Amino acid sequence: MSGTSAGWSPERRAQQAERMAALNANVMTKSRRTASWTPKRRAAKRAELIERNKDPAFKAKRFTGIRQRGLREDAERHIHPLVRGLFVEMARQRATYDRIADPVGICRSTLVSWRRRHMPYLDLLDAALNVLGFELVIVPKGRRGPNGFPVKQRPTEE
């Protein structure tokens, strides 16, 4: 019965119990990086972050980074225009996956997978667009732009 504690003597069991208690105590006392901060240090860090967020240049830089997130070039080539339109509108409205997935009744990972791997069911795509204030419509061929939205064509002059 090697590898098990079935043949251990009472002394061996006691030694192992002490060893495990020491290991557990060590694990329990390990703290996260900020857990050992003093209240004074926490207050200083809080004040620093509040000041940093008041700076309009800092906010603009943050929002620029958020705006740049969107569809990647490689995703745009392989995605259906209607699904692409959903993600373009999500980026424009700065909508999170959770904001869309919860009302639709799907998992966040399902919505993420629409971007690269899977084609959504029509009813789920319609529900996701409804959350953003859009709906699916049938338009004549050639009237849909590259992002899946209908484009207005100017009347032709005869």
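Reading guide: rules and limits
Residues numbered from 1 in each chain as written. Predicted model: local features only at pLDDT ≥ 70, side-chain atom pairs only at ≥ 80, totals over all residues. Heavy atoms only, no water. Helix = DSSP H or I, 4+ residues; strand = E, 2+ residues; numbered from the N terminus. Buried < 20%, exposed > 50% of the residue type's maximum accessible area, 1.4 Å probe, protein only. 1 Å grid on protein atoms, 1.4 Å probe; cavity = no way out; pocket = protein on both sides within 12 Å on 5 of 7 lines; lining within 4 Å. Points joined across faces, edges and corners; volume = space filled by probe spheres on them. Nonpolar A, V, L, I, M, F, W, Y, C, P; charged D, E, K, R; others polar. Axes fitted to C-alpha atoms, helices over the stretch in contact; angles between N-to-C directions. Left-handed = near helix turned anticlockwise from the far one by under 90°. Contact = heavy atoms within 4.5 Å.

**Considerations on unusual backbone geometry**
Consideration 1: Even without glycine at this site, Arg94 takes up a positive phi of about 55 degrees.
Consideration 2: As for its position among the elements, Arg94 is in the loop between α5 (81–93) and α6 (97–104).
Consideration 3: The exposure class assigned to Arg94 is partly exposed, which follows from its relative accessible area of 41%.

**A look at the layout of surface pockets**
Consideration 1: Of the volumes computed, that of the second largest pocket is approximately 190 Å³.
Consideration 2: Taken together, 14 residues line the second largest pocket, and the ones lying closest to its centre are Leu82, Leu136, Val137, Gly148 and Pro150.
Consideration 3: Here the lining of the second largest pocket gets three residues from one element, more than from any other, and that element is α5.
Consideration 4: Looking at the lining of the second largest pocket, its residues break down into 10 nonpolar, two polar and two charged.

**Re the packing of α5 against helix α7 (residues 108–116)**
Consideration 1: Remark: α5 packs on α7, axes separated minimally by 9 Å, with the N-to-C direction vectors making an angle of 120 degrees. For α5 against α7, the interelement crossing comes out left-handed. In this structure, α5 contributes Val83, Leu86, Phe87 and Met90 to the contact, and α7 contributes Leu111, Trp114 and Arg115.
Consideration 2: Of the residues in the contact of α5 with α7, the class split is six nonpolar, no polar and one charged.

Everything listed here is a matter of geometry and, on its own, says nothing about what the molecule does.
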